[in-house]
Amino acid sequence: MDAKALAPGIKPGRLDGELIAAGFSDLHPPLDGHEAHVAADRCYFCHDAPCVTACPTDIDIPLFIRQISTGMPEAAARTILEQNILGGMCARVCPTETLCEEVCVRETAEGKPVEIGRLQRYATDTVMAKGVHPFMRAAPTGKRIAVVGAGPAGLACAHRLAMKGHEVTIYEARPKPGGLNEYGIAAYKSTEDFAAREVDWLMQIGGITLREGQVLGRDITLDGLREAHDAVFLGMGLGGVNALGVSGDDREGVTDAVDFIADLRQVSDLAALPVGRDVVVIGGGMTAIDAAVQSRLLGAMNVTLVYRRSRERMAASRYEQDLAASKGVHIICGASPVAVHGNGTVREVEFEFTDDDLAPTGERFRLPADQVFRAIGQTLVGEGLPELSGRKIAVSGAGRTTVDGVWAGGDCAAGGDDLTVTAVAEGRDAAEDIHARLMG
Amino acid sequence: MADLTTNFVGITSPNPFWLASAPPTDKEYNVRRAFEAGWGGVVWKTLGEEGPPVVNVNGPRYGAVWGADRQLLGLNNIELITDRPLEVNLREIAAVKRDYPDRAVIVSLMVPCTEEAWKTILPLVEETGADGVELNFGCPHGMSERGMGSAVGQVPEYITMVTRWVKQYSNLPCIVKLTPNITDIRKPAMAAFEGGADAVSLINTINSITSVDLDLFAPEPTIDGKGAHGGYCGPAVKPIALNMVAEIARDPEMPGLPISGIGGVTTWKDAAEFLALGAGNVQVCTAAMTYGFKVVQEMISGLSQYLDDKGMTLDDLVGRAVPNVSDWQNLNLNYVTKARIDQDACIKCGRCYAACEDTSHQAIDMSEDRVFTVKDDECVACNLCVNVCPVEDCITMERVEAGATDERTGTVVPAEFGDWTTHPNNPMRRTAAE
Ligand SMILES: Cc1cc2nc3c(=O)[nH]c(=O)nc-3n(C[C@H](O)[C@H](O)[C@H](O)COP(=O)(O)OP(=O)(O)OC[C@H]3O[C@@H](n4cnc5c(N)ncnc54)[C@H](O)[C@@H]3O)c2cc1C
Ligand SMILES: Cc1cc2nc3c(=O)[nH]c(=O)nc-3n(C[C@H](O)[C@H](O)[C@H](O)COP(=O)(O)O)c2cc1C
Ligand code: SF4
Ligand code: SF4
Ligand code: SF4
């Protein structure tokens, strides 16, 4: 190991470019034609298939797989995209091991599910590579709808509304659309700028105006949007991050995992992105795993992920945990942070072991750290929003909020898992409900 | 290890696995290597008469049907008989037979339908020391356009005539190879039997078009934009071949006519099935063309182990299933079964349900939580669910014992045998003797 890798502090270029590129290459490389054929042949074309029930967007999985096996990936893609316009991204980022593939009957039979995710990617990649957009807009209805947030929920909602002939304007705070597809998903899941390419492809439907740099609460208000539009959809995700709430939380080197990941997703040269030698990640969800794994891939020597409860209760799936372990991330469960030590800059994090109900055991340990990532959950931010249920926007039916003419979906809305595919489903269903209301 | 030595019409071979007359047996180089690999015998690639040899196409001559992982399920060919000079083949046959006296070497022949042509070629074959001849009345393409091959095999009178000539002008055992491209295989077999054939072998390939090129709109294999029907063989044809073998084996008009079983033999099990249906040995072509000569080693070890496990000799196996090949009208209508689903084995795919609900008798129930059960009052025991279930032995057919009530018909299952011939609904029924 050379000096660069061993250097303490937060430094760029710990590994050379080639090693970094290899680490960040496609996690699930695409299937070639023959592989897809063989993988598709394993599907039993189940009756009332359990995989479909498990897919939040209800994609007709047996049908699209059969279309692949008969050499018609374009038709397969249409089957997918009719239900899930971000089927390409979902094929890459869905935790299939806890969704469709978990309940695949071949998982039951032999512990090896049909590779639904990779087959979905095969089909959607084929269509996107051809640059064709398989849907047409209906005749204009003259109705205007505002969508706040260009994440998966907002995009799915906007696309469905545009397809039905409505005029949609998306108000997006960030300079680029895509939401967490663009700024959050691990880089090895969305390679070759896929998030941006997918948005461009989606916009081919027409009838959607994207206005970047528009922040609800700063540049626009909910009341203003309601006045100027026939309906409003809120899909702004979770913009805030929970604090650690321990002393030293503000020391230099302690940052939010989502910011680190957003930087990582936007940087053009990964080797230029600084990372610590001894990294500590606090949290147990997908964000924690992604921050830990990507730190390792950038060359951090010691990466420890500390989660306060037992391994079984981690939000990250077993597959994600194993992925982290295989990349050399050390996972410690049942320990909560009590203090961040250091002189201005972080030097150590002190933890206390806890039982599963988070009762402290009195036993403490310290981990050396020059970089600490908080990954203990995101929160909804914003004022003047419809009523909340807990910490998210309360919804009933297909995303109806307590304010008339305002719908919400995705991470910002209560109910459902915080997953890309769930956001797509909620955005799509809200669009159908809005359409029914406006045209009914 | 069971002894696999076979005596087929007086020709002995160390095992019942012969290579069929086809490309694997088209030259000395191949046949020597086949014998080294363990094949018990070969039927040399069909020879034609003296003179300029036939020519083959120079474009693709094979087409295929595949499973998903390119597993070859069926092969189709438009190859003709040997395209090498007669004297070269005869010289090589003699050399091989001299060096492998314990193996069977049969010479396949196809010459025009004249007494002279057969009279001329037979002594040349005898001189090689070959063990017998096989008359190729089966090739369904090319040669048949010239009045040979299946053109002869489709006319029983020609078969009898040629077989008589062969028996008249040679002392060699004569095997007549039949074409399946006819409606009743017993007719040509009977013709061979009447002509004095020592055995029949079957099947040769089946007329086929494997696929159509949907850009060129031409059958495959496509030669300069056109295609001709070929002959189909390989695993896909086995069921057709098995039936034809059984039809001959159980025909009382041809008692004891030896049969060499051909068509889709790929494993020891396929071979055992042909043997059980009355074949005295088997011939193989496609399996060798797909996997090479080494496949015979699995066939040998598998068949020996099976016989050992069963405590049977090879002779015990030959024809063992023939008495159980019956006619529909003699099947026991009082044998009542119901499908049973093993809930522990079931993976809840719902295929049995879809099949029964959509296309059969609505006899499978699916609960809210995907438990699949058979409704005995609807199940006619058709077996479709068993056939579509992806889990082996998950659905089985269980017999309803005599004396119990069949819930579908509401009648008590009789203990005695009862078939269509005596069934009350049969207007032609035979009344039981008083
Ligand atoms: C690090 C990380 C990794 C993840 N990995 C996975 C994964 O592998 N698989 C998976 O299924 N899910 C994953 N998720 C979850 C998934 O990304 C989210 O569930 C999904 O993106 C939610 O979509 P959304 O449209 O509701 O919100 P977001 O994707 O968050 O999009 C919200 C959009 O609204 C904009 N916005 C926010 N506030 C305002 C405002 N006031 N005004 C205007 N615009 C605003 C934002 O800029 C953003 O573009 C991950 C999440 C994170 C944080
Ligand atoms: C390419 C090819 C050429 C063949 N040529 C002959 C032949 O010359 N003479 C013959 O009697 N049968 C010929 N056959 C038929 C085979 O001997 C055999 O009857 C048929 O292939 C069925 O057996 P299988 O399923 O094991 O291949 C040929 C078959 C193939 C595939
Ligand atoms: S559960 Fe598995 S086998 Fe059944 S339809 Fe879905 S992917 Fe195919
Ligand atoms: S198998 Fe041999 S002869 Fe036939 S096409 Fe291939 S290379 Fe040519
Ligand atoms: S086909 Fe077999 S495995 Fe599938 S539900 Fe029916 S019994 Fe179960």
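Residues numbered from 1 in each chain as written. Chains lettered and ligands numbered in written order. Predicted model: local features only at pLDDT ≥ 70, side-chain atom pairs only at ≥ 80, totals over all residues. Heavy atoms only, no water.

Attention shifts here to the overall build of chain B. Each helix and strand in chain B was counted, giving 13 helices and 22 strands. Referenced to the eigenvectors of the C-alpha coordinate spread, the extents of chain B come out at roughly 75 × 65 × 45 Å. Of all 434 residues assigned to chain B, the portion counted as buried reaches 51%. Nonlocal contacts in chain B, meaning residues at least 24 apart in sequence, comprise 69% of its contacts between residues at least 6 apart. Accessible area of chain B: about 20200 Å², with a carbon and sulfur share of 51%. (Helix = DSSP H or I, 4+ residues; strand = E, 2+ residues; numbered from the N terminus. Buried < 20%, exposed > 50% of the residue type's maximum accessible area, 1.4 Å probe, protein only. Contact = heavy atoms within 4.5 Å. Areas by Shrake-Rupley, 256 points an atom, 1.4 Å probe, with all protein chains shown as cover.)

This brings us to the overall build of chain A. The helix and strand tally for chain A stands at 18 helices and 17 strands. A compact globule built from 440 residues should have a C-alpha radius of gyration of about 22 Å, and chain A, at 22 Å, falls within 12% of that. Overall size of chain A, expressed as C-alpha extent along the three principal axes, is 65 × 55 × 40 Å. Taking as baseline every contact in chain A between residues at least 6 positions apart, the subset at least 24 positions apart corresponds to 70%. Put simply, chain A shows about 18300 Å² of open surface, and 50% of that area lies on carbon and sulfur atoms. Across chain A, the centroid of the 43 positively charged side chains sits 1 Å from that of the 61 negatively charged ones. (Rg over C-alpha atoms; globule rule 2.2 N^0.38 Å. Lys, Arg positive; Asp, Glu negative; His and termini not counted. Charge placed at Lys NZ, Arg CZ, Asp CG, Glu CD.)

The next subject is the sheet that holds strand E8 (residues 302-307) of chain A. Residues and elements named next belong to chain A. Ordered by their spatial adjacency, 5 strands build an open sheet running E6-E13-E7-E8-E9, and the pairing between neighbours is parallel. Strand pairing shows two members of the sheet lacking a second neighbour, strand E6 (254-256) and strand E9 (330-333), which therefore form its edges. Looking at each pair of strands side by side, their axes are set apart by 20° on average, direction ignored. Across 4 bridges, E8 lies against E9 in parallel orientation. Note that in E9 the partner of valine 306 across the bridge is isoleucine 332. (Pairing = 2+ DSSP bridges. Axes fitted to C-alpha atoms, helices over the stretch in contact; angles between N-to-C directions.)

A cluster of acidic residues, Asp342(B), Asp344(B), Glu392(B) and Asp393(B), forms a negative patch at the surface. Along the chain, the position of Asp393(B) falls in the loop between helix H13 (384-388) and strand E20 (395-399). (Patch = residues over 30% accessible without salt bridge, like charges linked within 9 Å, V, L, I, M, F, W, Y side chains within 5 Å. Salt bridge = Lys/Arg side-chain N within 4 Å of Asp/Glu carboxyl O.)

So, on to the UniProt feature "domain: FAD/NAD(P)-binding" (unreviewed entry) in chain A. In the numbering used here, UniProt assigns the feature "domain: FAD/NAD(P)-binding" (unreviewed entry) to residues 144-427 of chain A. Along residues 144-427 of chain A the backbone is 26% helical and 29% strand, and the end-to-end C-alpha distance reaches 16 Å. (UniProt positions renumbered as here; feature names shortened; annotations may be inferred.)

Reports of interface size often rely on the accessible area that becomes lost once the parts have come together. Across the boundary between the two partners, chain A contributes 13 residues, which contact 13 residues of chain B. Both sides together, the interface formed by chain A and chain B hides about 1100 Å², and carbon and sulfur atoms give 65% of it. In terms of surface lost to chain B, no three residues of chain A exceed His34(A), Tyr44(A) and His47(A), which account for 50% of the buried area on that side. At the boundary of chain A with chain B, the tally comes to 1 salt bridge. The residue Asp48(A) makes a salt bridge to Arg370(B) at a minimum N-O spacing of 3.9 Å. At the boundary of chain A and chain B, one finds 5 residue pairs in polar contact (both at pLDDT 80 or more). With 4 residues, helix H3 (residues 33-41) of chain A is the largest single contributor of residues to the side of chain A that touches chain B. A class-by-class count of the residues in the side of chain A that touches chain B yields 7 nonpolar, 4 polar and 2 charged. (Buried area = accessible area lost by both parts, 1.4 Å probe. Polar contact = N/O pair within 3.5 Å; in protein donor to acceptor, adjacent residues only side chain to side chain. Nonpolar A, V, L, I, M, F, W, Y, C, P; charged D, E, K, R; others polar.)

Splitting chain B by domain gives domain 1 (6-324) and domain 2 (328-433). Its C-alpha centre places domain 1 of chain B at a distance of 40 Å from the equivalent point of domain 2 of chain B. (Domains from an automatic or database assignment.)

All names here are of chain A. Around ligand 1, the surrounding shell holds 35 residues, and the nearest of these are Val93, Glu172, Lys189, Leu216 and Asp411. At 2.8 Å, a backbone N or O of aspartate 411 approaches an oxygen atom of ligand 1. Separating an oxygen atom of ligand 1 from a backbone N or O atom of leucine 419 is a distance of 3.1 Å. For ligand 1, the accessible surface in isolation is 990 Å², of which the surrounding protein chains cover 94%. The leading source of residues in the shell around ligand 1 is helix H16 (residues 286-298), at 3 residues. Each of domain 2 (144-239 + 380-439) and domain 3 (241-378) gives at least three residues to the shell around ligand 1. (Near = heavy atom within 4 Å.)

This paragraph deals with the environment of Asp278(A). All names here are of chain A. Relative to the helices and strands, aspartate 278 resides in strand E7 (residues 278-282). In this structure, the C-alpha to C-alpha distance between aspartate 278 and glutamine 371, residues 93 residues apart in sequence, is 6.5 Å. If we skip the residues at most four places from it in the chain, aspartate 278 touches Asn302, Pro368, Ala369, Asp370 and Gln371.

Residues and elements named next belong to chain B. Taken together, the side chains of Ile209, Val212, Leu214 and Phe217 make up a nonpolar region of the molecular surface, amounting to roughly 470 Å² of accessible area. Within the secondary structure, phenylalanine 217 is located in the loop between strand E12 (211-213) and strand E13 (218-220). Overall, phenylalanine 217 belongs to the exposed group, its relative accessible area being 65%.

Residue and element names in this part refer to chain A. As far as domains go, chain A holds domain 1 (33-129), domain 2 (144-239 + 380-439) and domain 3 (241-378). Look at where the C-alpha atoms of domain 2 and domain 3 centre, and you get two points 30 Å apart. Taken together, the contacts link 19 residues of domain 2 with 16 residues of domain 3. Approximately 1300 Å² of surface area, both sides summed, lies buried where domain 2 meets domain 3, with 46% of it carried by carbon and sulfur atoms. When residues of domain 2 are sorted by the area they lose upon contact with domain 3, Tyr183, Tyr188 and Lys189 head the list and together hold 38% of the total. Our enumeration of links across domain 2 and domain 3 arrives at 1 salt bridge. Linking glutamate 320 and lysine 189 is a salt bridge whose minimum nitrogen-to-oxygen distance equals 3.1 Å. Here domain 2 is connected to domain 3 by 9 residue pairs in polar contact (both at pLDDT 80 or more). A total of 4 residues in the side of domain 2 that touches domain 3 trace back to one element, the largest contributor, which is helix H12 (residues 180-183).

Here we come to the nonpolar core. Residue and element names in this part refer to chain B. Core analysis: the biggest nonpolar cluster contains 81 residues, and Trp39, Val176, Leu202 and Ile248 have the highest contact counts within it. The element that contributes the greatest number of residues to this core is helix H7 (residues 238-249), accounting for 6 residues. When sequence neighbours within four positions are dropped, the list of residues in contact with leucine 202 reads Leu178, Ile185, Met244, Val245, Ile248, Ile259, Ser260, Gly261 and Ile262. (Core = buried A, V, L, I, M, F, W, Y, C linked by side-chain atoms within 4.5 Å.)

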